Amino acid sequence: MATHLNSFDAIYQVVQLIPQGKVTSYGAIAAYLGMKGGARMVGWAMNASHTLENVPAHRVVNRNGILTGKNFFGGNRMQELLEKEGIQVKEDKIVGFQQHFWDPGVEL
């Protein structure tokens, strides 16, 4: 279990670096951290982070720009947070996803 917690901390550190108005994917974070097949673990970390004010989990979406984690925010909260940062969302998907995509493997 300690390994998961350490992994979660590493994931949170990357998520904290995502700039406002940008998003990334579970897989991009996993790839950056060298967690082969770790997208699911990134998802678990995001689900567990909703009590952490300093982890902008709303900026992490699936590889197609779909707000797959929205149920953990309740209602439309994830979409509202993204729209407040200037990201348009239509039918649970980010409009112009590639323009907003932040790749930690490139940016960090």
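Shown above is the structure to which this text applies.
Here is a short report on the structure shown in this document. (Residues numbered from 1 in each chain as written. Predicted model: local features only at pLDDT ≥ 70, side-chain atom pairs only at ≥ 80, totals over all residues. Heavy atoms only, no water.)

### Details of the overall build of the chain
Thought 1: In terms of helices and strands, the chain carries 6 helices and 4 strands.
Thought 2: Overall, the chain shows an N-to-C arrangement of helices and strands of α-β-α-α-β-α-β-β-α-α.
Thought 3: In the chain, buried positions account for 43% of the 108 residues.
Thought 4: For the chain, long-range pairs separated by at least 24 residues make up 63% of all intrachain contacts whose partners lie at least 6 apart in sequence.
Thought 5: Taken as a whole, the chain presents about 6300 Å² of accessible surface, with 49% of it coming from carbon and sulfur.
Thought 6: Each charge sign in the chain was given a centre, from 10 positive and 9 negative side chains, and these centres are 6 Å apart. (Helix = DSSP H or I, 4+ residues; strand = E, 2+ residues; numbered from the N terminus. Buried < 20%, exposed > 50% of the residue type's maximum accessible area, 1.4 Å probe, protein only. Contact = heavy atoms within 4.5 Å. Areas by Shrake-Rupley, 256 points an atom, 1.4 Å probe, with all protein chains shown as cover. Lys, Arg positive; Asp, Glu negative; His and termini not counted. Charge placed at Lys NZ, Arg CZ, Asp CG, Glu CD.)

### Overview of the nonpolar core
Thought 1: Among the nonpolar cores identified, the biggest contains 18 residues, and Ile-11, Val-15, Ile-29, Val-42, Met-46 and Val-60 are the most heavily contacted of them.
Thought 2: Among the elements that line this core, the one with the most residues is helix 1 (residues 2–15), at 5 residues.
Thought 3: Excluding residues within four positions of it along the chain, Ile-11 makes contact with Ile-29, Leu-33, Met-35, Met-41, Val-42, Ala-45 and Met-46.
Thought 4: Ranked by size, the runner-up nonpolar core spans 9 residues in total, among them Val-23, Val-61, Met-78 and Ile-94. (Core = buried A, V, L, I, M, F, W, Y, C linked by side-chain atoms within 4.5 Å.)

Interpretation note: all reported values are geometric properties and have no functional meaning in isolation.
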